[in-house]
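Given next are the chains, with one letter for each unit.
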Amino acid sequence: MSEIVKPEKKPIIFSGIQPSGTLTLGNYIGALKNFSVLQDDYDCIYCIVDMHAITVRQNPADLRRRCMELAAIYIASGLDPKKSLIYCQSHVTGHAELAWILNCFTYMGELNRMTQYKDKAAKHADNINAGLFTYPVLMAADILLFQTNMVPVGVDQKQHLELCRDVAQRFNGVYGDVFTIPEPYIAKVGSKIMSLQEPTRKMSKSDPEDTFVALLDDPDTIRRKIKRAVTDSDGEIRFDPENKPGVSNLLSIMSALGAGSIDSLVAELAGQGYGTLKTRTADCVIAALEPLQTEYKKLIADKGYLQGILDENAKTANYLANKTLRKVQKKVGFATRG
Ligand code: TYM
């Protein structure tokens, strides 16, 4: 009699992107581009984190539209909705419920140390709300709800992930092994793409237009923005992020997009001017984004299809989330459900 072989459970990947503005080349290189690569070897869950987005005031109609656009971008980037679970955070109540419980296991001092909170509070001084402060706890809930093994993110999320691990370990220390402790997945090249105008700062969708390449920028716009990117005046193409942040950023962008290792690019471009470096970078970016943009245009025209995916996946995500949530609720002593 042949033995029935149980399929091996794949490790779980979870990540999210905020639908809070135009996605940038930084989001693409640091996160999105890695998502589809992982979907064959892992059980992947990719969330549209609209609840995180409202920590900064949003126009409701724009936010709703951007959630749909992000669903289309996820799929256009190569995510197969049959392999990866793509859903909206606000459709799964477990995120908020687990976040509340984890709030009670997170110290004010820990949240006070979060650099992203400090940056955002400085940028939005008129609206330093409690959600902005406890944002990392909601992010920990996102991850822990699904017993996640690995979280693909850019370097700017590393501190949040460390907090998530600390909170999970604290909880497990009290109640036993309830949560899987997640590991960060941060690519060696491209995990921090810098602003084109201020290359010592991270490229960010909340900065002015000319500081970033948007995922849906047309080729002429991409060329113009990269042509105007700030470099330096010594004219040498060399990788030295400290002293030559602008040039190093362009080299990182090219390398992360598959143009070769940084060393090989430096060797290839030695003795050439910054004009060539910028033309080559723009070529790489345009070539990398073109298939995504073509696919995106088709998908966004079919809102019914996208809504169907979000509706269906919300059910699956709620089911998975509730498995962890019920366990956690029982552990902390919430009243028995009938
Ligand atoms: P968000 O929406 O700001 O960014 C989405 C992803 O893009 C990465 N990223 C970058 N990578 C390289 N260079 C850059 N300049 C750059 N800018 C952004 C981010 O690191 C991120 O991976 N808090 C998260 C969203 C989130 C999440 C989660 C992520 C909510 N819950 C759970 C992982 C797991 C955020 O604001 O990302």
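What you see is a predicted model, and the numbers here were worked out from it, not measured in a lab. Throughout, a residue's number is its position along its own chain's written sequence, starting from 1. Given that the model is predicted, a residue must reach a pLDDT of at least 70 before its local features are reported, and side-chain atom pairs must reach 80 or more before they are shown or counted; all residues, however, enter totals for whole chains, interfaces and linings. In computing side-chain values, all of the structure's heavy atoms are included and hydrogens and water are not.

Things to note about the pairing of strand β2 (residues 43-48)
And then number 1: Burial here depends on accessible area, computed with a 1.4 Å probe over protein chains only, as a share of the maximum for the residue type. Under 20% is buried, over 50% is exposed, and the range in between is partly exposed. Here a helix means four or more residues in a row that DSSP labels H or I, a strand means two or more in a row labelled E, and each is numbered from the N terminus. With respect to burial, β2 is a largely interior element, five of its six residues being buried.
And then number 2: For a crossover, the right-handed case is the one in which the path from the first strand over the helix to the second runs clockwise, viewed with the strands pointing away from the viewer. Running through helix α1 (residues 25-38), the crossover from strand β1 (residues 12-17) to the neighbouring parallel element β2 is right-handed.
And then number 3: Strand direction decides the pairing type here: β2 and strand β3 (residues 84-88), joined by five bridges, are parallel. Its bridge partner lying in β3, Tyr-46 is registered against Ile-86. In this description, strands pair whenever DSSP reports at least two bridges between them.

What about the pairing of β3?
And then number 1: Of all five residues in β3, five are buried, a share of seventy percent or more.
And then number 2: Burial of β3 is two-sided: the residues Ser-84, Ile-86 and Cys-88 facing one way and the residues Leu-85 and Tyr-87 facing the other way are all buried.

Considering the nonpolar core
And then number 1: One finds Leu-32, Ile-48, Tyr-74, Leu-251 and Leu-277 to be the most contacted residues of the largest nonpolar core, which totals 60 residues.
And then number 2: Per element, the largest residue contribution to this core is eleven residues, and it comes from helix α12 (residues 274-300).
And then number 3: A domain-level breakdown of this core finds at least three residues from each of domain 1 (12-189 + 303-332) and domain 2 (216-297).
And then number 4: A contact between two residues is defined here by any heavy atoms of the two lying within 4.5 Å. In this view, Leu-277 contacts Ile-237, Val-247, Leu-250, Leu-251, Met-254 and Leu-269; residues no more than four positions away in its chain are not counted.
And then number 5: Throughout this description, the term nonpolar core refers to a set of buried Ala, Val, Leu, Ile, Met, Phe, Trp, Tyr and Cys residues connected via side-chain atoms within 4.5 Å. Among the nonpolar cores identified, the runner-up in size contains 42 residues, and Leu-85, Leu-98, Ala-168 and Val-328 belong to it. For each domain, the first and last residues come from an automatic or database assignment.

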